[in-house]
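Close look at the chain arrangement
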Amino acid sequence: MRHLAAAAIVLLSAAVIVFFALSPGQGWWLPPAASTIAQPIDALFDGILITATVGFVVVMALLAWAVWRGARPRADRARTVHGHLGLELGWTAAIGAVLVTVALAQLPTWAALRDPAAMPAGGATATVLAQQFAWRFGHAGDDGVLGTADDIETASELVLPAGEPVLLTLRSRDVIHSFFVPALRVKQDVVPGRAIPLWFTIKEPGTYELVCAELCGLGHHAMAGRVRALSRDEYDAWLALQSRARLSTGSEDRR
Amino acid sequence: MSPTTHSAAGAAHQRGWLRTWVFSTDHKVVGIQYLVASASMLLFGGLLAMAMRWQLAWPWTEMPILGKLLFPATGRVISPAFYTSLFTMHGTAMVFFAILPLLTGAFGNFLIPLLVGAPDMAFPRLNAASFWILLLAMGLFLAGFFVEGGAASAGWTSYPPLATLPSAAPGSGAGQTLWLLAIVVSGVASILNALNAVVTVVKMRVPGLTWMRLPLTVWGLFVAAVLQLAALPVLTAGGVLQLADRWIGSAFYTPMGLMVNQFAPDTAGATGGVPLLWQHLFWFYSHPAVYVMVLPAMGMVSDILSVNARKPVFGYRPMVWAIAAIAGLGLIVWGHHMFTSGMGLEIGRAFMISTMMIALPSAVKTFNWVATIWGGRIRLTAAMCFALGFVALFVIGGLSGIWLAATPVDVYLHDTMLVVAHFHYIVFGGTVMAVFGALHHWFPKMTGRALSETLGRVHCFGTFVALNCVFLPMHQLGIAGMIRRTADPNVYALYQHLEPLNRFVTWSAFALGAWQLLFLVNVVWSLRSGIRVGRNPWQASTLEWEAPSPPGHGNFDRDLVVECGPYEYGDAVGTNDWRPQAKRT
């Protein structure tokens with residue numbers, strides 16, 4: 001019986017570690033990183049994973065050993081030990097130090113995501129309008145200002161320049177949605193009644209899937225979109241093309 | 001208490017089946033009523049989970065056999081609307097109607113008076129009332145499946161405006177109203193029950209049972225009750241506000257200018273509502289609720305480990321302080337559920353730090369558990385196996401929580417399957433394992449018969465393996481970016497290669513569910529044919545083992561004076577390897 005109990009703990013630990021070690025090779029892992037913020041986020045993720053793995057191995061080894069040794073059939077009694085102040089202080093201090101280190105290590109990245117001082121000014125901007133169960137986007141037209149008559153609207157596909165910071169303004173028409181682009185490591189709830197800024201820098205041109213991450217109703221699972229990142233030149237060309245197309249079709253009725 | 005009052009109470013006990021087992025105010029009967037009701041909800045919630053797993057492995061596929069019975073209108077497949085009801089009702093059933101009442105209701109009521117040497121709870125009628133009120137709440141909750149539009153479908157978190165506006169989702173009609181009534185009514189029941197628990201522990205301890213001699217089970221249940229008193233009124237009030245939004249157009253949670261499914265919400269002229277208000281009110285209780293679910297479990301596990309290692313709990317005082325620290329910090333970490341809601345820089349930092357810090361007392365407890373069994377003379381009873389399983393699985397759930405505390409990493413992982421993996425390791429791997437352990441440990445006291453140890457160990461081992469097969473791969477699903485609450489992961493190219501993992505999880509979930517039948521068999525068999533036990537089958541120190549098994553009305557047939565702490569085991573406690581906590585007078 002004690003063999004089985006100790007083995008269960010050891011096997012679980014081994015299975016956890018092997019499974020985590022094999023997962024990246026299967027693609028069951030973080031998608032390839034496509035934004036500048038992804039690098040520090042993934043580094044934090046890895047750092048915590050390594051720290052947690054060390055803690056996990058230590059605790060599981062102690063636990064399995066204690067069960068293995070303790071469950072031997074023996075006639076003598078255990079020592080009546082009520083505790084040990086030094087040990088308590090020791091492990092409290094050690095774990096506390098690790099947690100404080102992790103807490104401090106993630107402050108700069110959180111600031112990069114949320115500090116208004118880090119918000120890009122004057123670069124590319126776009127608006128995101130979420131509704132059940134679709135995404136609509138607005139890009140500044142010739143005048144370079146959003147919310148004017150020459151805005152270029154797209155559905156499902158948000159077009160952005162790569163290699164420079166972009167600033168989005170997120171609004172919802174009905175319920176809460178969440179703007180989640182796994183490859184960019186950004187996720188921001190879109191809360192009705194508020195206009196929420198979100199900024200990031202896409203590293204390379206490419207197309208990245210946009211997922212609605214907050215339950216928004218029965219079509220939540222199908223509220224898919226795309227972010228298409230172009231080089232600055234291609235982006236300018238795309239904007240110009242869209243403006244011309246809008247003018248030539250004479251669709252001046254858009255708000 | 002004198003022997004005469006006990007026999008008088010015993011005589012009053014002979015009152016027929018209905019008064020004894022249904023309309024009883026005896027804390028043990030109320031506890032067992034809670035146990036049966038909440039275990040039924042656990043079973044029901046588990047079945048809902050199976051249906052969800054079916055959909056995630058084989059989206060929009062005809063369900064064999066059951067599909068014909070359950071979904072005749074939608075071609076034997078789960079509809080998108082019904083899927084949203086499934087996870088909403090699964091989460092609600094498990095949190096509010098299974099796990100919380102299992103701990104605070106079933107074990108809280110059964111164990112607190114026995115462990116503090118009291119004849120009953122402080123307010124026996126109130127105690128029975130809180131059970132019946134909870135039963136009403138369960139009825140309201142289940143009624144949701146039978147109304148137009150179906151059961152509530154805005155998630156167990158019920159975020160407005162999805163939850164509050166009937167045009168936003170089919171389940172946000174009558175189903176959501178019933179859901180809210182169920183939550184408010186169950187809130188009232190839990191507050192009454194918590195009040196009773198607090199007063200009983202404060203006022204009804206037997207002479208000599210000082211605070212620092214209380215078993216950790218009592219500490220866990222007591223602090224959980226204090227947490228409920230502090231935080232549950234907030235959620236209950238929040239629920240009333242949501243009802244007001246639905247019934248009188250008050251718009252606490254509805255901002256201006258919405259257009260929902262072609263309808264502008266009718267807010268009767270009220271303006272300026274804020275959806276995020278609900279998230280604060282909801283999580284102000286529903287995060288501490290996690291600690292209400294886990295602190296009593298930690299307490300019971302501490303007791304089971306000590307008894308079966310024949311060694312005192314290591315670091316009793318640090319354990320008590322850790323419980324208090326978890327509860328105190330537990331009240332100021334709710335914001336970590338809202339890191340992606342648009343939370344500002346500084347407030348995010350504050351919630352990040354409180355969340356990181358709550359890992360400290362949890363880790364200290366883990367080291368104390370290991371130290372408790374270290375050098376022990378371990379008896380691998382079924383209860384002990386479950387308690388060891390609790391420790392191992394709680395460690396995994398705790399460690400994955402560090403990712404979610406680190407704000408930038410949480411931004412990526414929030415609302416993914418990793419969150420689902422994390423809290424199931426805490427609530428299933430942790431609390432439910434502890435509940436099974438506690439049932440094996442205290443079943444003899446409840447019924448006078450022991451559960452089958454062999455069957456219990458087999459059940460424990462299989463549950464441990466299957467549970468990991470279900471919840472471990474969910475980490476990978478979340479790390480790969482798969483969101484929770486999706487009815488069809490294959491919509492995104494990003495998730496399609498996860499299909500083998502999703503199918504493996506589903507098969508494992510079916511195995512896990514089927515394996516639980518062993519426990520039902522064990523209970524039924526042992527109730528009839530289990531080994532009859534005396535007062536103290538485990539040679540345990542604490543007071544409940546001084547009472548007969550099962551204890552009569554009034555519990556104790558002899559007067560007790562407590563002389564020592566609850567964990568007197570080992571070589572220095574007298575002629576045996578244990579010493580009873582109380583002296584008989």
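Keep in mind that what you see is a predicted model, and the values were worked out from it rather than measured.

A look at the overall build of chain B
Looking only at helices and strands, chain B features 18 helices and two strands. Residue pairs at least 24 apart in sequence account for 80% of intrachain contacts in chain B once pairs closer than 6 positions are excluded.

A look at the overall build of chain A
When its secondary structure is counted, chain A shows five helices and ten strands. A compact globule built from 255 residues should have a C-alpha radius of gyration of about 18 Å, whereas chain A, at 26 Å, is more than 25% larger. On the principal axes, the C-alpha backbone points of chain A span a range of 95 × 35 × 35 Å. Counting only residues that meet the buried cut, chain A has 40% of its 255 residues in that class. Taking all contacts inside chain A whose residues are at least 6 apart in sequence as the whole, residues at least 24 apart take part in 68%.

Describing the confidence of the model for chain B
Residue and element names in this part refer to chain B. The predicted model of chain B averages 95 in pLDDT, with 97% of residues at 70 or higher. The low-confidence segment residues 1–12, where pLDDT is below 50, has 16 contacts with residues more than four positions distant or belonging to other chains. ipTM for the predicted complex: 0.95, alongside a pTM of 0.95.

Details of the interface of chain A and chain B
The interface is formed by 83 residues belonging to chain A together with 95 residues belonging to chain B. Elements supplying a minimum of two residues to the side of chain A that touches chain B: α1 (2–26), α2 (38–70), α3 (85–105), α4 (107–114), β7 (186–190) and β9 (206–212) of chain A. The greatest single-element share of the side of chain A that touches chain B, amounting to 14 residues, is contributed by α2(A). Of the residues in the side of chain A that touches chain B, the class split is 49 nonpolar, 19 polar and 15 charged.

A few points about the sheet that holds strand β3 (residues 152–155) of chain A
Residue and element names in this part refer to chain A. Here we have five strands laid out as an open sheet, ordered β3-β2-β1-β5-β8, and mixed in their pairing. The sheet is open, and its two borders are formed by β3 and β8 (196–201), each paired with just one other strand. Recorded for the sheet is a direction-independent mean angle of 25° between the axes of neighbouring strands. As defined by bridge partners, strand β5 (residues 165–172) adjoins β8 across six bridges and the pair is classed as antiparallel. The partner of L168 across the bridge, within β8, is L198.

A short note on the nonpolar core
Formed by 279 residues in total, the largest nonpolar core has its most connected members in A:V67 and B:A387. The leading source of residues in this core is helix α5 (residues 80–116) of chain B, at 23 residues. The contacts of B:A387, once residues within four sequence positions are left out, are B:V301, B:I304, B:L305, B:A434 and B:G437.

A short note on the environment of B:T372
Tracing the chain through its elements places B:T372 in helix α12 (residues 345–373). Among residues more than four places away in sequence, those in contact with B:T372 are B:L305, B:S306, B:A309, B:K311, B:V313 and B:F314.

With respect to the confidence of the model for chain A
Across chain A, pLDDT averages 93, with 97% of residues at or above 70. Considering only residues more than four positions removed or in separate chains, one finds that residues 251–255 of chain A, a stretch of pLDDT under 50, has two contacts.

Regarding the pairing of strand β10 (residues 224–230) of chain A
Residues and elements named next belong to chain A. The side-chain alternation of β10 yields one buried face, formed by G225, V227 and A229, and one unburied face, formed by A224, R226, R228 and L230. With six bridges joining them, β9 and β10 adopt antiparallel strand pairing. Bridge pairing in β10 links V211 to A224.

Some points on the environment of A:Q242
Residues and elements named next belong to chain A. Of note, Q242 is situated in helix α5 (residues 232–249). The exposure class of Q242 is partly exposed, given the 18 C-beta atoms found within 10 Å. Along the sequence, Q242 and Q188 sit 54 residues apart, while their C-alpha atoms lie 28 Å from each other.

A closer look at unusual backbone geometry
In this structure, A:F133 follows A:Q132 across a cis peptide bond, with omega equal to -5°. A cis amide bond links B:P160 with the next residue in sequence, B:P161, at an omega value of 0°. A positive phi angle, near 70°, is found at A:S156, a position not held by glycine. Tracing the backbone shows A:S156 in the loop between β3 and β4 (157–161). Overall, the presence of 13 C-beta atoms within 10 Å leaves A:S156 in the partly exposed class. The phi dihedral of A:R185 falls on the positive side, at around 60°, and the residue is not glycine. Looking at where A:R185 falls in the secondary structure, it is placed in the loop between β6 (177–181) and β7.

Thoughts on helix α13 (residues 382–405) of chain B
The α-helix advances 3.6 residues per turn, and as a result positions three or four apart in sequence lie on the same side. A rise of 1.5 Å per residue sets the reference length of α13(B), with its 24 residues, at 34 Å; its end C-alpha atoms lie 34 Å apart and thus fit the reference within 8%. Counting buried positions along α13(B) yields 24 of 24 residues, so the element is predominantly enclosed.

Observations concerning the environment of B:S153
Residue and element names in this part refer to chain B. With respect to the element layout, S153 can be found in the loop between α6 (124–143) and α7 (174–203). Given 32 C-beta atoms within a 10 Å radius, S153 is considered buried. Taking C-alpha positions, S153 is 40 Å from W17, a pair spaced 136 residues apart along the chain. Apart from residues lying up to four places away in sequence, S153 is in contact with A81, T84, S85, T88, A169, P170, G171, S172 and G175.

Brief notes about the sheet that holds β9(A)
Residue and element names in this part refer to chain A. Sheet architecture is open: five strands sit in the order β4-β10-β9-β6-β7, paired in mixed fashion. The open sheet terminates on both sides in strands that have one partner only, identified here as β4 and β7. The average undirected angle you get between the axes of adjacent strands in this sheet is 25°. The pairing of β6 with β9 spans two bridges and is classified as antiparallel.

Considerations on the packing of helix α10 (residues 288–309) of chain B against helix α15 (residues 417–447) of chain B
All names here are of chain B. Their axes nearest at 9 Å, the elements α10 and α15 cross at an angle of 45°. In terms of axis orientation, α10 runs oblique to α15. Crossing geometry of α10 relative to α15 is assigned as left-handed. Residues V290, M293, V294, A297, M300, V301 and I304 of α10 touch α15, and the partners they reach there are I426, V427, G430, T431, A434, V435, G437, A438 and H441. The residue inventory of the contact of α10 with α15, partitioned by class, reads twelve nonpolar, four polar and no charged.

Let's talk about α5(B)
Residue and element names in this part refer to chain B. Taking 1.5 Å per residue as the helical rise, α5 with its 37 residues ought to reach 54 Å, and the 50 Å between its terminal C-alpha atoms agrees with that figure. The element α5 is extensively covered by neighbouring structure, given that 36 of its 37 residues are classed as buried. Remark: G117 follows α5 within two positions and exhibits a positive phi of approximately 75°.

Considerations on the packing of helix α8 (residues 216–248) of chain B against helix α11 (residues 316–330) of chain B
Residue and element names in this part refer to chain B. Running from amino to carboxyl end, α8 crosses α11 at an angle of 15°, the nearest separation of the two axes being 10 Å. Considering their axes alone, α8 and α11 lie roughly parallel with respect to each other. Crossing angle aside, the handedness with which α8 passes α11 is right-handed. Only M319, V320, I323, A324, A327 and G330 of α11 make contact with α8, whose side of the interface consists of L216, W219, G220, V223, V226 and L227. Its residues assigned to classes, the contact of α8 with α11 shows ten nonpolar, two polar and no charged.

Rules used throughout
- Residues numbered from 1 in each chain as written.
- Chains lettered and ligands numbered in written order.
- Predicted model: local features only at pLDDT ≥ 70, side-chain atom pairs only at ≥ 80, totals over all residues.
- Helix = DSSP H or I, 4+ residues; strand = E, 2+ residues; numbered from the N terminus.
- Contact = placed C-beta atoms within 7 Å.
- Rg over C-alpha atoms; globule rule 2.2 N^0.38 Å.
- Buried ≥ 20, exposed ≤ 12 C-beta atoms within 10 Å, placed from the backbone.
- pLDDT = per-residue confidence, 0-100.
- Nonpolar A, V, L, I, M, F, W, Y, C, P; charged D, E, K, R; others polar.
- Pairing = 2+ DSSP bridges.
- Axes fitted to C-alpha atoms, helices over the stretch in contact; angles between N-to-C directions.
- Core = buried A, V, L, I, M, F, W, Y, C linked by C-beta atoms within 7 Å.
- Expected span 1.5 Å × (residues − 1).
- Parallel < 35°, antiparallel > 145°, perpendicular 65-115°, else oblique.
- Left-handed = near helix turned anticlockwise from the far one by under 90°.

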